[in-house]
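Reading the structure
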Amino acid sequence: MPDVPSPFDDPFADLFGKLPDPRKRRSAGEDAARGTADPVPPPPTPVQSAAPLSRREAREAAARQAASAKPAEAATSPAPPATPVAAAPIPVSSAAISNAEEWPFLGGSVATGSPAYSRGAGDDSAGAVTVRPVATATLEDLFAGEHTTDSLGQVPPPKNKRRRRIGGWIALGVVLVILGGIAGGALYVWNAYEDQIRKVMGWEEPKDYEAGLANGEAFVTVASGDTGAPISRSLFEAGVTKTPEAFYDYLIDTGQNPPFVPGVFKMQKQMTSEAALAALLDPASKIENGAQLREGLTVAQSLPLLAEGIGLPIEDLQAAVATPADYGVTADTLEGWLFPATYTFDPGVTARDVIATLVNRTVQSLDSAGVPVEDRQRVLTVASIIQREARFEDDFYKVSRVIENRLNPSNQETFGLLQMDSTAQYGYGEMHDGTASSSAEALADDNPWNTYVRTGLPIGPISNPGDTAIDAAMHPADGDWLYFVTVNLDTGETVFTSNLADHNRAVAQWQAWCSDHPDSGC
């Protein structure tokens, strides 16, 4: 008897029942890939005769049977239609789910018993790491059923943070190197061309001190015949004016040419050029019966200053220094023994008393520095070179070390030659020609003071050293320097080096400075 239609029947049941089972198509495809032509038999349908089937259950059973029979029909002869029989629902076991061929979301490369998304092995045979294939499918293939989600590949690996950190440090290092190079170049340009840059940019520092800064006490000696230029430098060296040319520029700017009187003048430090000129022209500033001898002068330079300041005949002073033994000095001359200082004498003082005062002051300085009696002449010789070669206190002790390093018998760089320009100039008689450079004739002249020609110390002192130079001769600084050169005659900047290559570079720096400052006494 035909079935009576029910309003609860599903009109699309037959349609969905005719759709192929994707699990069977997947199994058939894998079998084909393995070269197997035999179809996979459908699972047996359990028969249940205990209870009749409903129409819905019958249709579902028929659909399952038809779906399982279609792959077999493609390879064999058609089978007779199966009679609908009552069947119980097919139970799905965990073993079936674990089978890769029965789970539609697992690829064939996944190990049995271990889901594709599992991090651990499911059984003893799942020891290999599953490698997901490279993405070859598209979303359209996925929706069309031609590929599964496994074909889309795996999630991109996380970024290597350690490599990113290393790259960041490298980039930072490159930036720092570039910035350091720029800063170093800017510093070199500033040091080499500071004066020109200040002039172009309008950053020039004032040449003179401001009014109201005068303080302390300073003594300035004006020699007979001195004009504005040498007096300007004497004022600067005494700390009275700010720059060597400040006083002279002031005279030029104001059109003044005053008659300067020789003598020693008591002044103050940090004065304006205007105030310094007023003090030099004030008779009350001049010290009567007094004289000032600055460091580094020779005997020949000192005697005229003493004669002018004290009022003694120059001939009397020359006769007083002719016999060093009269003052306990065993040397042939008193060179180095007339201590530089400011002196005031009572009226009626004799020339011999004046010289004795200066020699005694030298002995006092030697004793204060701890110089043995038998080493006095040697220490004065070294100190006299230091006094002529260095300008700043720190450099005094470095020059002393250079001298001692060059005198060292193990020195294989200069082989005992001091090569001090001051000694060559003194022996040749061109120490006070107004330039710092030595002539070729002076450097080659064979005299007892020329340390370019003769090894060791010169025969005696070349100037009258002060307290600092004597102390430096006794206590040289620590260092391996063998060379030095003043690269800026205005500031006194001096470069000390330990080898000839570095020294030649410093000499080139000095030569470049002299080219830029042709009127600075090079």
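What you are looking at is a predicted structure, and each value in this text was computed from that prediction instead of being measured.

1. Points about the overall build of the chain
Scanning the chain for helices and strands turns up 18 helices and 6 strands. A separation of at least 24 residues holds for 62% of the contacts in the chain among residues at least 6 apart in sequence.

2. Description of the packing of aromatic side chains
Under the counting rule described, the total for this entry stands at 5 aromatic pairs. Ring geometry for F247 and F260: centres 6.3 Å apart, planes at 55°, overall tilted. Of this pair, F247 sits in helix α8 (residues 246-254) while F260 sits in the loop between α8 and β2 (263-269), placing them 13 residues apart in sequence. Ring centres of W481 and F496 lie 5.9 Å apart, and the angle between their planes is 55°; on these two criteria the pair is classed as tilted. Taken together, the residues W481 in the loop between α17 (467-474) and β5 (483-488) and F496 in strand β6 (residues 493-497) connect sequence positions 15 residues apart. We note that W481, like F496, is buried.

3. Re a nonpolar patch on the surface
A surface patch of nonpolar side chains, amounting to about 1000 Å² of accessible area, comprises I166, W169, I170, L172, V174, V175, L176, I178, L179 and I182. Along the polypeptide, L179 turns up in helix α6 (residues 161-201).

4. Considerations on the packing of helix α13 (residues 376-389) against helix α15 (residues 421-428)
Where α13 contacts α15, the two axes come as close as 9 Å, and the packing angle between them is 100°. Classed by the angle they form, the pair α13 and α15 counts as roughly perpendicular. Side by side, α13 and α15 meet where I385, R388 and E389 of the first sit next to D421, S422 and T423 of the second. Counted by class, the contact of α13 with α15 contains 1 nonpolar, 2 polar and 3 charged residues.

5. Thoughts on helix α14 (residues 393-407)
The end-to-end C-alpha distance of α14, which contains 15 residues, comes to 22 Å, matching closely the 21 Å that a straight helix rising 1.5 Å per residue would cover. Among the residues of α14, those classed as buried are D395, F396, Y397, V399, S400, R401, V402, I403, N405 and R406. On the buried face of α14, the contacting elements are α13, α17, β5 and β6.

6. Overview of the side chain of T241
Among the structural elements, T241 can be located in the loop between α7 (228-237) and α8. Overall, the relative accessible area of 1% leaves T241 in the buried class. In this structure the side chain of T241 is engaged in a polar contact, spanning 3.3 Å, whose partner is the backbone nitrogen of F236. With residues up to four places along the chain from it excluded, the contact list for T241 reads Y209, S232, L235, F236, A246, F247, M271 and S273.

7. So, the nonpolar core
L306, L334, I355 and I386 are the most contacted members of the largest nonpolar core, which has 55 residues in total. Every element with two or more residues in this core is listed here: α10 (299-310), α11 (314-320), α12 (351-368), α13, α14 and α17. If we ignore the near neighbours within four places in the chain, the residues touching I386 are F396, V399, S400, I403, A469, A472 and A473. If you look at the next biggest cluster of nonpolar residues, it comprises 17 residues, including A218, V222, I231 and A279.

8. A closer look at helix α9 (residues 273-280)
Along an α-helix, residues three or four apart share an orientation, since each turn contains 3.6 residues. Here α9 has its buried residues at S273, A276, L277, A279 and L280. Within α9, the buried residues cover an arc of 160° as seen down the axis, which keeps them to one side. Those residues of α9 hidden inside the fold are in contact with β1 (215-222), α7, α8 and β2.

9. Here we look at the environment of L297
Secondary-structure assignment places L297 in the loop between β3 (290-292) and α10. Its relative accessible area of 4% is what places L297 among the buried residues. In the structure, L297 is positioned 87 residues away from S384 in sequence and 9.5 Å away in space, judged by C-alpha atoms.

10. Topic: the environment of V222
If you trace the backbone, V222 turns up in strand β1. In the structure, V222 is positioned 42 residues away from V264 in sequence and 6.4 Å away in space, judged by C-alpha atoms.

11. Here we look at the confidence of the model for the chain
Mean pLDDT over the chain: 79, with 70% of residues reaching 70 or higher. For residues 45-50, every residue scores under 50 in pLDDT, and the model assigns this stretch 8 contacts once sequence neighbours within four places are set aside. Of the regions scoring below 50 in pLDDT, residues 74-129 engages in 50 contacts with residues more than four places distant in sequence or in other chains.

12. So, the pairing of β5
The buried count for β5 comes to 6 of 6 residues, which makes it a mostly enclosed element. Across 5 bridges, the pairing between β5 and β6 is antiparallel. If you follow V485 over to β6, its bridge partner there is V495. Where β5 hands over to β6, the hairpin turn is made up of 4 residues, of which G492 adopts a positive phi near 80°.

Thresholds applied
Residues numbered from 1 in each chain as written. Predicted model: local features only at pLDDT ≥ 70, side-chain atom pairs only at ≥ 80, totals over all residues. Heavy atoms only, no water. Helix = DSSP H or I, 4+ residues; strand = E, 2+ residues; numbered from the N terminus. Contact = heavy atoms within 4.5 Å. Phe/Tyr/Trp six-rings, centres within 6.5 Å; stacked < 30°, edge-to-face > 60°. Buried < 20%, exposed > 50% of the residue type's maximum accessible area, 1.4 Å probe, protein only. Patch = residues over 30% accessible without salt bridge, like charges linked within 9 Å, V, L, I, M, F, W, Y side chains within 5 Å. Areas by Shrake-Rupley, 256 points an atom, 1.4 Å probe, with all protein chains shown as cover. Salt bridge = Lys/Arg side-chain N within 4 Å of Asp/Glu carboxyl O. Axes fitted to C-alpha atoms, helices over the stretch in contact; angles between N-to-C directions. Parallel < 35°, antiparallel > 145°, perpendicular 65-115°, else oblique. Nonpolar A, V, L, I, M, F, W, Y, C, P; charged D, E, K, R; others polar. Expected span 1.5 Å × (residues − 1). Polar contact = N/O pair within 3.5 Å; in protein donor to acceptor, adjacent residues only side chain to side chain. Core = buried A, V, L, I, M, F, W, Y, C linked by side-chain atoms within 4.5 Å. Arc of directions from axis to C-beta. pLDDT = per-residue confidence, 0-100. Pairing = 2+ DSSP bridges.

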